[in-house]
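The lines below spell out each chain.
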Amino acid sequence: MTSEATEFESHRRLSPVGNFKRFSRGAAGAVSRLGGFLKASTGRRKRGSHPVASVTSGQLLTGPLDAESEQGLDASKWGLVRSRSVTRAAAAGTFPCQLCTTSATSGKACQDLVTTGSRLFGLGGFGSALRVRIYDFAVYIHPEQAKLSALARASSKLPVLGSQHAQFCKSLRSTNDIDMSLMVRASRNLPIKLLAKEYERILKRRIQKVGGSQKDQALALMLKSFDEKALPDNIKQGGSVKKGTLLTFTKQGPGTMTARANGQQLLTVESPKLCQAVFDLYLGDQPVSKESRKAAGDAVMGMMGTIPYHSPADKGLCARNGNSCEVLL
């Protein structure tokens, strides 16, 4: 869930024979434990070229793995061998085209899907066939607010290309007048204690990165909400969060963050820096996926009228059907 910044630790270079033996042991574990995590020791982090599915079109791209040095879950703690972090587009229909909230004061407000992705880990070397999907994610943006925002007025004067595109997304992460949401769906049972520890590590790093404090009270409350005793019973199985559990983080205004698990509210806190930290993970200058960030930026610029707009359904991110909208009360 992470969602996610991590360093993949390496302590030594293995010999070719050692690599093959280690891969064989990892492969055997993967086959015998498809529903769990691979059991083996950590090896050297390795980057290379592998087909990665485009977030915007679903086509296969051949190029560097879409992963930054501080992304992902700590592979050694999750029991993955020589893990490399990969992202790809989530399957069409994985998430609804719209996310709507209703309240007695503001009525119904809907946000549009702007990007999706899946977080995978795979064994190095021959491990491309043994990738393990950890979670799927989606980002939503309020289209009308985006069109009328201060960011839209500033961006309309200049073409947003290259490094300017990354800066645009970074500014979007920090905007005060655009509501947005993050949805994360667990693709397997995830150990709660380990998950909570990873969220703590990631969010503390990100909140400091956006200029906030690791002692932020709202951050402390959010981390406390991921304690095993605080989570709803219907999302737990043993000591894990169940496969399929949907976590939703909704930002409203400059800094109101509401977290939900399968639609059940966990907490609402007020902290602009915490909101920025959560979305920095997907829109900042060290995102989980550069492809996903670019897709989000293009979609929001389309909402603003800077470039032609294509709906999430047009881009194949979701399916047009009667259940294309998820409503949170």
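Relevant structure appears above.
Residues numbered from 1 in each chain as written. Predicted model: local features only at pLDDT ≥ 70, side-chain atom pairs only at ≥ 80, totals over all residues. Heavy atoms only, no water.

1. As for the nonpolar core
What tends to happen in soluble globular proteins is that the nonpolar side chains get buried as a cluster. This is how the line gets drawn: Each nonpolar core is a collection of buried residues, namely Ala, Val, Leu, Ile, Met, Phe, Trp, Tyr and Cys, held together in the definition by side-chain atoms within 4.5 Å. For each residue, the accessible area found with a 1.4 Å probe, counting protein chains only, is set against the maximum for its type, and the residue is called buried under 20%, exposed over 50%, and partly exposed in between. The helix count covers DSSP runs of H or I at least four residues long, the strand count covers runs of E at least two residues long, and both are numbered beginning at the N terminus. Residues are treated as being in contact if the distance between any of their heavy atoms lies within 4.5 Å.
Grouped together as the largest cluster of nonpolar side chains are 57 residues, with contacts concentrated most on Ile141, Leu182, Met222, Phe249 and Tyr282. When residues of this core are assigned to their parent elements, the largest contribution, eight residues, is made by helix α7 (residues 272-283). The contacts of Ile141, once residues within four sequence positions are left out, are Gln111, Asp112, Val114, Ala146, Leu172, Ile178, Asp179, Met180, Val300 and Met303. Cys97, Met183, Leu317 and Cys318 belong to the second largest nonpolar core, which has twelve residues in total.

2. Notes on the state of the cysteines
Going by this rule: Cysteine sulfur pairs qualify as disulfides if the two atoms are within 2.5 Å.
Across all of its chains, the model carries two disulfides by this definition. Linked covalently through their sulfurs, Cys97 and Cys318 form a disulfide whose S-S length is 2.0 Å. Every disulfide takes its handedness from the sign of the S-S torsion; for Cys97 and Cys318 that torsion is 105°, giving right-handed. Of the two residues, Cys97 sits in the loop between β3 (84-88) and β4 (98-103) while Cys318 sits in the loop between α8 (290-304) and β14 (325-328), which places them 221 residues apart along the sequence. The class for Cys97 is buried, based on a relative accessible area of 9%.

3. Quick word on unusual backbone geometry
One non-glycine residue, Asn262, adopts positive backbone phi at about 50°. Within the fold, Asn262 resides in the loop between β12 (256-261) and β13 (264-270). Classification of Asn262 by relative accessible area gives partly exposed; the value is 42%.

4. A short note on helix α4 (residues 163-174)
For the record, the criterion: A helix is expected to span 1.5 Å multiplied by its residue count minus one. It is the directions from the helix axis to the C-beta atoms whose arc is reported.
The end-to-end C-alpha separation of α4 is 17 Å, in line with the 16 Å expected for twelve residues at 1.5 Å each. Every buried residue belonging to α4 is among His165, Ala166, Phe168, Cys169, Leu172 and Arg173, and all of these are buried. Buried positions in α4, seen along its axis, are confined to an arc of 155° and lie on one side of it. On its buried face, α4 is in contact with β6 (132-141), α3 (150-155), β7 (180-186), α7 and α8.

5. Focus on the sheet that holds strand β10 (residues 240-241)
Applied cut-off: Strand pairing is assigned whenever DSSP identifies at least 2 bridges connecting the two strands.
Strands sit in the order β8-β10-β9 across an open sheet of three strands; the sheet is antiparallel. Sheet topology places β8 (190-191) and β9 (236-237) at the edges, where each strand pairs with a single neighbour. Of the pairings in the sheet, the one linking β9 to β10 comprises two bridges and is antiparallel in character. In the sheet register, Gln237 faces β10, and the bridge partner there is Ser240.

6. Here's the deal with the packing of aromatic side chains
Rules: Aromatic contacts are taken between Phe, Tyr and Trp rings whose centres are within 6.5 Å, Trp giving its six-membered ring; a plane angle under 30 degrees counts as stacked, one over 60 as edge-to-face, and the others as tilted.
By the definition in use, this model includes five aromatic pairs. Ring geometry for Tyr199 versus Phe226: centroids 4.8 Å apart, planes at 0°, classification stacked. Linking Tyr199 in helix α5 (residues 192-209) with Phe226 in the loop between α6 (217-225) and β9, this pair joins segments that are 27 residues apart in sequence. Assigned by exposure class, Tyr199 and Phe226 land together as buried. A centroid spacing of 6.5 Å and a plane angle of 45° characterise the contact between Tyr199 and Phe249, whose relative ring orientation is tilted. Of this pair, Tyr199 sits in helix α5 while Phe249 sits in strand β11 (residues 246-252), placing them 50 residues apart in sequence. Each member of the pair, Tyr199 as well as Phe249, is classed as buried. The rings of Tyr135, Phe137 and Tyr282 are connected pair by pair, giving a single aromatic cluster.

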